Amino acid sequence: MNILVVGGGGREHALCWAINKSPKCSKLFCAPGNAGIAEVADCVNISGEDVAGLVNFAKEHAIELVIVGPEAPLVLGLVDALEAEGIKAFGPSAAAAELEGSKAFMKDLFAKYNIPTAAYGRFTDYDQAVAYVQEQGAPIVVKASGLAAGKGVILAASEAEAVDALDQMMNNKSFGDAGEEVVIEEFLDGEEASFFALVDGKTALPLISAQDHKAAYDGDKGPNTGGMGAYSPAPVVTDALAQEIMATIIQPTIDGMAAEGCPYKGVLFAGLMIKDGKAKTLEFNVRFGDPECQVLMARLSSDIVEALDAAAMGKLDEIEMTWLDDAAMVVVMAAEGYPGSYEKGSEIKNLSAANAVDGVTVLHAGTKAEDGKILASGGRVLGVTALGRDVAEAQAKAYQAVDCIDWPQGFCRRDIGWRAINRNA
Ligand code: AMP
Ligand code: GLY
């Protein structure tokens, strides 16, 4: 079948890399893609947010399955627009994508269907929000309700810090419309993990566990990023806990979404906080995690196209997915300055030496090819992905490959996987 992947980051490179191995894929396109994706797919210069352009392209090229990577096109209704033209798509409708598009919608769903999460209030009135903070005390978490590119969450250590965040969001509109409504919630401590399930409207198929590192610098210090690295499996998610997460979080959400009249289809990504063997939901995303997707695709041993196609068609009950016993790790290399401002256009050399390390695939996140050179074109630029017998071996191989890469303007964390490795030591 002819397949179109939408997006151009490391997650989409991982998806294209896996899809390209499937005998079910005859022609693979990616919009807009990047220099690494161009090695496994035909990249087309259409933005992920150009819904009409993508629908036209899919019609003109007889695309039979569209796989949407990032959340923005989903919230804009890309899947609805494709399905209206009779084109099959993997991903939720705009109504179902509100699970990520609106934290207020998500929290109300949790409350209505008894899904474990942090206690919360939602506010459009500044004075009421301030009163709630004063009543609850600190530490407390302030979140812009709308999409804010992962930056709209303030973990406030004091009441003054929380009130200042409310002032920024609600009065100064520092996140634009996303901050018109805020969610204020209880601060949860514990260990975070990412849990993914494929969903076809009614059936959910869990994927293997993963953990990412959101902080920019070693020791989980520094500003939050989209993710500086990830690994799988995540030892904190035991088999028993995974079953409980399916029963108390994932299935009730899917049943609740169906009951609300917006059945969920695509991949459901729960960000969890785990403490004393119990999970609470921090958030839902309506897409694969980036960089978690890179380690999931590295470990997948069955056909990804078969699974995503079955999710799009409501036939997940016919699918079994299989995984390698090996562990996987991805180390993100980012441009110096990320997640703040950074330069684009520096040259990256010696990628072939990194790719030659046993078990390693260098996935591209923000690159472009120009005159035979690979240039950095984003904040997160590469995802050096490695398999090993355990997380420690995957880590050793990933850093061996990182050390082959000649890119003075880039940096990476040196401690990806420390939690899993310490636990197993
Ligand atoms: P979110 O976008 O809602 O997942 O929040 C981003 C990050 O903020 C999460 O990955 C957590 O590290 C942290 N966070 C969010 N909500 C809470 C909470 N209620 N308690 C503690 N940390 C949180
Ligand atoms: N790595 C976390 C995310 O994709 O949101």
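From a predicted model like this one, the values you see are computed outputs, not experimental measurements. Along each chain, residue indices are assigned from 1 in the same order as the chain's sequence is written. Chain labels run from A onward and ligand labels from 1 onward, assigned in the order the entries are written. Reporting in this predicted model follows two pLDDT cut-offs: at least 70 for local features of residues, and 80 or more for side-chain atom pairs to be given and counted; totals over whole chains, interfaces and linings ignore these cut-offs and use all residues. Computation of side-chain values covers all heavy atoms of the structure but excludes hydrogens and water.

Visitor: Looking at this model, I keep getting lost on the packing of aromatic side chains. Mind explaining?
Guide: The way to describe two aromatic rings as a pair is by their centre distance and the angle between their planes. We call Phe, Tyr and Trp rings a pair once their centres come within 6.5 Å, taking the six-membered ring for Trp, and we label the pair stacked below 30 degrees between planes, edge-to-face above 60, and tilted otherwise. Tallied over the full model, the rule gives eight aromatic pairs. Through a chain of ring-to-ring contacts, the aromatic side chains of Phe-90, Phe-196, Phe-269 and Phe-288 assemble into a single cluster. By definition, being over a ring means that NZ of Lys or CZ of Arg is both within 6 Å of the ring centre and within 35 degrees of the ring normal. It is Lys-21 that lies over the ring of Trp-17; its NZ or CZ is 4.0 Å from the centre. Its guanidinium or amino end placed over the ring of Phe-29, Lys-27 lies 5.2 Å from that ring's centre, counting from NZ or CZ.

Visitor: Sorry, what's going on with the sheet that holds strand β21 (residues 367-370) here?
Guide: Picture the strands of a sheet paired through backbone hydrogen bonds; they go either parallel or antiparallel. Any two strands between which DSSP finds at least two bridges are classified as paired. Secondary structure follows DSSP: runs of H or I at least 4 residues long count as helices, runs of E at least 2 residues long count as strands, and numbering of each begins at the N terminus. Here three strands make up an open sheet; going across it, the order is β19-β22-β21 and the pairing antiparallel. Whereas interior strands pair on both sides, the edge strands pair on one side only; in this sheet they are β19 (347-348) and β21. As defined by bridge partners, β19 adjoins strand β22 (residues 373-376) across two bridges and the pair is classed as antiparallel. Across the sheet, residue Glu-347 finds its bridge partner in β22, namely Leu-375.

Visitor: I'm lost on the site of ligand 1 in this one. Help?
Guide: Here a residue is near a molecule or strand as soon as one of its heavy atoms is found within 4 Å of it. Close to ligand 1 lie 14 residues, the nearest being Glu-185, Glu-186, Leu-188, Glu-192 and Glu-283. The definition of a polar contact used here is a pair of N or O atoms within 3.5 Å, where within protein one atom must be able to donate a hydrogen and the other to accept one, and adjacent residues in sequence count solely through side-chain atom pairs. Taking Glu-186, its main chain carries an N or O atom lying 2.8 Å from a nitrogen atom of ligand 1. The contact in question runs from an oxygen atom of ligand 1 to an N or O atom on the side chain of Glu-192, over 2.4 Å. Accessible areas in this description were obtained via Shrake-Rupley with a 1.4 Å probe; residue shielding takes into account the shown protein chains only. For ligand 1, whose free accessible area comes to 480 Å², the fraction covered by protein is 92%.

Visitor: Which parts of the structure should I look at to understand the site of ligand 2?
Guide: Ligand 2 sits among Asp-212, Gly-226, Phe-269, Arg-287, Gly-289, Asp-290, Pro-291 and Glu-292. In this structure, a nitrogen atom belonging to ligand 2 sits 2.7 Å away from a side-chain N or O atom of Asp-212. Here ligand 2 loses 91% of its free accessible area of 200 Å² to cover by the protein chains.

Visitor: Looking at this structure, I do not really get the side chain of Ser-145. What am I missing?
Guide: Tracing the backbone through its elements, the reader meets Ser-145 in the loop between β7 (140-144) and β8 (153-156). Only 3.2 Å separates the side chain of Ser-145 from the backbone nitrogen of Ala-104, close enough to count as a polar contact.

Visitor: What should I look at first to understand the layout of surface pockets in this one?
Guide: Within this model, the second largest pocket holds a volume of roughly 260 Å³. Every definition here rests on a 1 Å grid over the protein atoms only: cavities are sets of points where a 1.4 Å probe fits but cannot get out, pockets are open sets enclosed by protein on both sides within 12 Å along at least five of seven lines, and lining residues have some atom within 4 Å of a point. Lining the second largest pocket are 14 residues, and of these Leu-207, Ile-208, Ser-209, Asp-239 and Ala-242 sit closest to its centre. Asp, Glu, Lys and Arg are counted as charged, while Ala, Val, Leu, Ile, Met, Phe, Trp, Tyr, Cys and Pro are counted as nonpolar; the rest, among them Gly, fall into the polar class. Its residues assigned to classes, the lining of the second largest pocket shows nine nonpolar, three polar and two charged. Grid points are joined across faces, edges and corners, and a volume is the space filled by probe spheres set on the points.

Visitor: Would you take a moment to explain helix α13 (residues 391-402) for this structure?
Guide: Every α-helix carries 3.6 residues per turn, so stepping three or four residues along brings you back to the same face. When the terminal C-alpha atoms of α13 are compared, their 16 Å separation across twelve residues agrees well with the 16 Å that a helix rising 1.5 Å per residue should span. Accessibility here uses a 1.4 Å probe with only protein chains present; expressed as a share of the type maximum, an area under 20% marks a residue as buried, one over 50% as exposed, and anything in between as partly exposed. Where α13 is concerned, the buried positions are Val-391, Ala-394, Gln-395, Lys-397, Ala-398, Tyr-399, Ala-401 and Val-402. An expected span of 1.5 Å times one less than the residue number is assigned to each helix.

Visitor: What is the right way to read the packing of helix α7 (residues 126-136) against helix α8 (residues 159-171) from this model?
Guide: Two measures define how a pair of helices packs: the angle their axes make with one another and the distance between the axes. Where α7 meets α8, the axes come as close as 10 Å, and the angle between the chain directions of the two elements is 165°. Put simply, α7 runs roughly antiparallel to α8. Crossing hand, α7 versus α8: right-handed. The segment α7 lies against α8, with Tyr-126, Ala-129, Val-130, Val-133 and Gln-134 engaging Glu-159, Ala-162, Val-163, Leu-166, Asp-167, Met-170 and Asn-171. Partitioned by chemical class, the residues of the contact of α7 with α8 number eight nonpolar, two polar and two charged. Lines fitted to C-alpha atoms define the axes here, with helix axes fitted over just the stretch in contact, and angles between the N-to-C directions of these axes take values from 0 to 180 degrees. When an angle is under 35 degrees it counts as roughly parallel; over 145 it counts as roughly antiparallel; between 65 and 115 it counts as roughly perpendicular; any other value is oblique. Throughout, a crossing is termed right-handed when the near helix is turned clockwise from the far one, and left-handed when it is turned anticlockwise from it by less than a right angle. Working rule for contacts: check all heavy atoms of both residues, and any pair within 4.5 Å makes them a contact.

Visitor: Can you help me understand the side chain of Thr-225 in this one?
Guide: Considering the arrangement of structural elements, one finds Thr-225 in the loop between β14 (221-224) and β15 (229-232). Of the polar contacts made by the side chain of Thr-225, one reaches the backbone nitrogen of Gly-227; its length is 2.8 Å. Other than its neighbours up to four places away in sequence, Thr-225 contacts His-213, Lys-214, Ala-215, Ala-216, Tyr-338 and Pro-339.

Visitor: I would appreciate a short explanation of the environment of Glu-283 in the present structure.
Guide: With respect to the helices, strands and loops of the structure, Glu-283 is situated in strand β17 (residues 278-285). You can call Glu-283 partly exposed: its relative accessible area is 21%. The spatial distance from the C-alpha of Glu-283 to the C-alpha of Val-330 is 23 Å, given a sequence separation of 47 residues. A polar side-chain atom of Glu-283 sits 3.3 Å from a polar atom in the side chain of Asn-285.

Visitor: So what exactly am I meant to see when it comes to empty space enclosed by the protein here?
Guide: Empty space among the atoms becomes apparent when a probe as large as a water molecule is rolled across them. Applying the stated rule across the entire model yields one cavity of 30 Å³ or more. The computed volume of the largest cavity comes to approximately 30 Å³. Around the largest cavity, the lining residues are Ser-302, Asp-303, Glu-306, Ala-307, Ile-319, Glu-320 and Met-321. A per-class count over the lining of the largest cavity returns three nonpolar, one polar and three charged.

Visitor: It is not clear to me how the environment of Arg-414 should be interpreted in this structure. Could you clarify?
Guide: Residue placement: Arg-414 occurs in the loop between β24 (410-411) and α14 (418-424). Separated by 65 residues in the primary sequence, Arg-414 and Lys-349 have C-alpha atoms spaced 20 Å apart. In this structure Arg-414 touches Asp-218, Gln-395, Tyr-399, Val-402 and Asp-403, once residues within four positions along its chain are discounted. A polar contact of 2.8 Å, which involves the side chain of Arg-414, links it to the side chain of Asp-403.

Visitor: Hey, could you run me through α8 in this one?
Guide: In this model, α8 (13 residues) spans 17 Å end to end at C-alpha, consistent with the 18 Å of a helix rising 1.5 Å per residue. Of all the residues in α8, the buried ones are Ala-162, Ala-165, Leu-166, Met-169 and Met-170. Each buried residue of α8 lies within a common arc of 110° when the element is viewed along its axis, so the set occupies one face. Those residues of α8 hidden inside the fold are in contact with β6 (120-123), α7, β7, β8 and β9 (182-186). Positive backbone phi, approximately 55°, marks Lys-173, located one or two places after α8. Note: the arc covers the axis-to-C-beta directions of the helix.

Visitor: What should I look at first to understand the packing of helix α1 (residues 10-20) against helix α10 (residues 292-299) in this one?
Guide: Axis separation between α1 and α10 bottoms out at 8 Å; the angle between their running directions is 15°. Overall, the two elements α1 and α10 adopt an arrangement that is roughly parallel. Viewed along their axes, α1 and α10 form a crossing whose handedness is left-handed. Together, Gly-10, Arg-11, Ala-14, Leu-15, Trp-17 and Ala-18 of α1 and Cys-293, Gln-294, Met-297 and Ala-298 of α10 make up the contact between the two elements.

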